[in-house]
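An overview of the molecular structure
In case you want the letters, here they are:
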Amino acid sequence: VALDGFELRVLRIPLVSPFTTSFGTETVREVIIVRALTADGDGWGEIVTGEAPLYSSEYTQGAWDAASRWLIPALLETPRIAAEDVSRILEPFKGHRMAKAGVELAVLDAALRAEGRPLAAYLGAERDRVPSGVSVGIQSDPARLVEVVRGYLDEGYVRIKLKIKPGRDIADTAAVREAFGDIPLQVDANSAYTLADIETLAGLDPFDLLLIEQPLQEDDIVDHATLARRVRTPICLDESIVSLKAATDALALGSTSVINIKAGRVGGYLEAVAIHDLCREAGIPVWCGGMVETGIGRAANAALAALPGFTLPGDVSASSRFYHRDIVTEPAVLEDGHVRVPTGPGIGVDIDHAALEEFTVARETVRR
Ligand SMILES: CSCC[C@@H](NC(=O)CCC(=O)O)C(=O)O
Ligand SMILES: [Mg+2]
């Protein structure tokens, strides 16, 4: 595509209910939307950072600065680029993978829309809908958690993921198992534990969980290998897998037997496919994680989750799980426990410009 510039917007979108993880409670999603302005038409991407660097080291203002002062100017130096050139051009800039992923998706969307080609087909999707799991925040107490889980099961979600942290792990998991029997169930600690907690984590084994997600430090691979030798439940890494190289290292050390793939965390959808291919070759199942995306990232995630190696239900929930109003005209909906893979060109969804305006709190256009 021939890039004329990019428009960056910071959006603040209220959540339908507070979302509590081991690192805090969110009531508003602050996210950056990227619009690629090209001679062939617009493309849309999403930078999935949080307001504060609590999930990883990236955060909204930092991503905004990296994108507007370094990443976008580097891309604008080249008159015509292909989406496959973006990561190479941005490689000299270290880290800032969520910022890179959002910019790359905008370029990829513009190119594919111009070609009339769906992202799903481009990535190698083999399904037209994906099973939908849901991520459940930490509640006031286990009894309340059971009621929240009941609501999601009634909506048809096929897999439940519970956020846990020290002191809110065993009793919460036991209450959900007690209430609903052998439903597909997993937990996500967001790095809240250390090897000192190894016996607590082993205490989750009796619940026959699908996996324990990212129990230890967000940049650890070695201790997760030690933990994996002590607990029976499969260890799944999220935060630690920041690239194809990190995935290669984690598999080599036996740190993980399942990987949560998030395009934003690893620097883009092309890197995400490379990790999918590595894991498929190694017989390691993967699933598509979520970063509370708007309909833009959610549509792209549905396409990614439809690749053959994505054999476990992911966190591609209905838009209504988080938002009263989305910024796309066809928000993701749950149909018989599944979310459809968009079939239109590019990410396959159109922007609801009124909603985009309503939630925009800052904007900047960076031109050639
Ligand atoms: C604000 S928490 C975002 C990271 C978290 N994401 C989820 O729990 C899923 C959120 C979603 O369904 O988009 C994770 O560590 O997997
Ligand atoms: Mg996680």
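Preceding this section is the structure that the text describes.
Let us look at the structure shown here. (Residues numbered from 1 in each chain as written. Chains lettered and ligands numbered in written order. Predicted model: local features only at pLDDT ≥ 70, side-chain atom pairs only at ≥ 80, totals over all residues. Heavy atoms only, no water.)

**Structural notes on the overall build of the protein chain**
In terms of regular secondary structure, the protein chain is built from 13 helices and 13 strands. Its C-alpha radius of gyration of 20 Å places the protein chain within 12% of the 21 Å reference for a compact globule of 368 residues. With the C-alpha coordinates aligned to their principal axes, the bounding extent of the protein chain is approximately 60 × 40 × 35 Å. In the protein chain, buried positions account for 58% of the 368 residues. The contacts in the protein chain between residues at least 6 apart in sequence include a share of 71% that link residues at least 24 apart. With the model as given, the accessible surface of the protein chain reaches about 13,900 Å², and the carbon-plus-sulfur share is 52%. (Helix = DSSP H or I, 4+ residues; strand = E, 2+ residues; numbered from the N terminus. Rg over C-alpha atoms; globule rule 2.2 N^0.38 Å. Buried < 20%, exposed > 50% of the residue type's maximum accessible area, 1.4 Å probe, protein only. Contact = heavy atoms within 4.5 Å. Areas by Shrake-Rupley, 256 points an atom, 1.4 Å probe, with all protein chains shown as cover.)

**Overview of helix α12 (residues 295–305)**
In terms of burial, α12 is largely enclosed, as eleven of its eleven residues are buried. Those residues of α12 that fall on the buried side of the exposure criterion are Gly295, Ile296, Gly297, Arg298, Ala299, Ala300, Asn301, Ala302, Ala303, Leu304 and Ala305.

**Regarding the sheet that holds strand β1 (residues 3–21)**
Judged by pairing direction, the sheet is antiparallel, and its four strands sit side by side in the order β3-β2-β1-β13 without closing on themselves. A single partner strand is all that each edge strand has here, and the edge strands are β3 (41–47) and β13 (360–367). Direction aside, the axes of adjacent strands within the sheet are offset by 20 degrees on average. Packing against the sheet, helix α1 (residues 60–76) makes contact with β1, β2 (24–38), β3 and β13, and its axis sits at approximately 155 degrees to β1. (Pairing = 2+ DSSP bridges. Axes fitted to C-alpha atoms, helices over the stretch in contact; angles between N-to-C directions.)

**Focus: the coordination of the magnesium ion (ligand 2)**
Each angle at a metal carrying four tetrahedral donors should ideally be 109.5 degrees, and each at a metal carrying six octahedral donors should ideally be 90 or 180 degrees. Around the magnesium ion (ligand 2), the protein contributes the donor atoms Asp188 (OD), Glu213 (OE) and Asp238 (OD), which lie 2.1 to 2.3 Å from the metal centre. Taken in sequence order, the residues that donate to the magnesium ion (ligand 2) follow the motif D-x24-E-x24-D. Remark: aspartate 238 occurs in the loop between β9 (235–237) and α9 (244–253) and aspartate 188 occurs in strand β7 (residues 185–188); sequence separation between them is 50 residues. Of the two residues, aspartate 188 and aspartate 238, neither departs from the other in class, the shared state being buried. (Donors = N, O, S within 2.8 Å, 3.2 Å for Na, K, Ca; no water.)

**Quick word on the site of ligand 1**
Contacts to ligand 1 come from 16 residues, most closely from Ser135, Lys161, Asn190, Gly290 and Val292. Lysine 262 places a side-chain nitrogen or oxygen 3.1 Å from an oxygen atom of ligand 1. Compared with its free state, where it exposes 430 Å², ligand 1 has 96% of that area covered by protein. Formed jointly, the shell around ligand 1 draws a minimum of three residues from each of two domains, domain 1 (3–116 + 353–367) and domain 2 (121–340). (Near = heavy atom within 4 Å. Polar contact = N/O pair within 3.5 Å; in protein donor to acceptor, adjacent residues only side chain to side chain. Domains from an automatic or database assignment.)

**Quick notes on the packing of helix α5 (residues 142–155) against helix α6 (residues 170–180)**
Interaxial distance between α5 and α6 falls to 9 Å at its minimum, and their mutual angle equals 50 degrees. Comparing the axis directions of α5 and α6 gives the class oblique. For the crossing formed where α5 meets α6, the hand is right-handed. Here Pro142, Leu145, Val146, Val149, Arg150 and Leu153 of α5 come into contact with α6, specifically with Ala171, Asp172, Ala175, Val176, Ala179 and Phe180. Taken together, the residues of the contact of α5 with α6 sort by class into ten nonpolar, no polar and two charged. (Parallel < 35°, antiparallel > 145°, perpendicular 65-115°, else oblique. Left-handed = near helix turned anticlockwise from the far one by under 90°. Nonpolar A, V, L, I, M, F, W, Y, C, P; charged D, E, K, R; others polar.)

**Points about the pattern of salt bridges**
Applying the stated rule across the entire model yields 28 salt bridges. The shortest N-O distance in the salt bridge between aspartate 172 and arginine 168 comes to 2.7 Å. The exposure class assigned to aspartate 172 is buried, which follows from its relative accessible area of 5%. The exposure class assigned to arginine 168 is buried, which follows from its relative accessible area of 16%. A single network of salt bridges, built from pairs that share partners, joins Glu7, Arg9, Arg35, Asp42, Glu357 and Arg363. (Salt bridge = Lys/Arg side-chain N within 4 Å of Asp/Glu carboxyl O.)

**Here's the deal with the nonpolar core**
Within the largest apolar cluster, 122 residues are counted, with the highest numbers of intra-cluster contacts made by Phe6 and Leu119. At ten residues, the largest contribution of residues to this core is made by helix α3 (residues 97–115). A domain split of this core shows at least three residues from each of domain 1 (3–116 + 353–367) and domain 2 (121–340). Discounting chain neighbours no more than four positions away, the residues touching phenylalanine 6 are Val34, Arg35, Ala36, Leu37, Ile72, Leu75, Leu76, Val103, Val107, Glu364, Thr365 and Val366. (Core = buried A, V, L, I, M, F, W, Y, C linked by side-chain atoms within 4.5 Å.)

**A word on the pairing of β7**
In β7, alternate side chains face the same way, and those of Leu185 and Val187 on one face and Gln186 and Asp188 on the other are all buried. Of the strand pairs in this sheet, strand β6 (residues 159–163) and β7 are connected by four bridges, and their pairing is parallel. Within β7, the residue paired with lysine 163 across the bridge is aspartate 188. Handedness of the β-α-β unit built from β6, α6 and β7 comes out right-handed. Two strands pair when backbone bridges link them, and β7 and strand β8 (residues 212–213) are joined in this way by two bridges, in the parallel orientation. Bridge pairing links aspartate 188 to glutamate 213 in β8. (Right-handed = clockwise from strand over helix to strand, strands pointing away.)

**Examining the packing of α1 against α3**
At a closest axis distance of 10 Å, the pairing of α1 and α3 adopts a crossing angle of 50 degrees. Of the possible angle classes, the one that applies to α1 and α3 is oblique. Where α1 crosses over α3, the two elements pack in a sense that is right-handed. Contacts between α1 and α3 pair Ala63, Ala67, Leu71, Ile72 and Leu75 from the former with Ala99, Lys100 and Val103 from the latter. Its residues assigned to classes, the contact of α1 with α3 comprises seven nonpolar, no polar and one charged.

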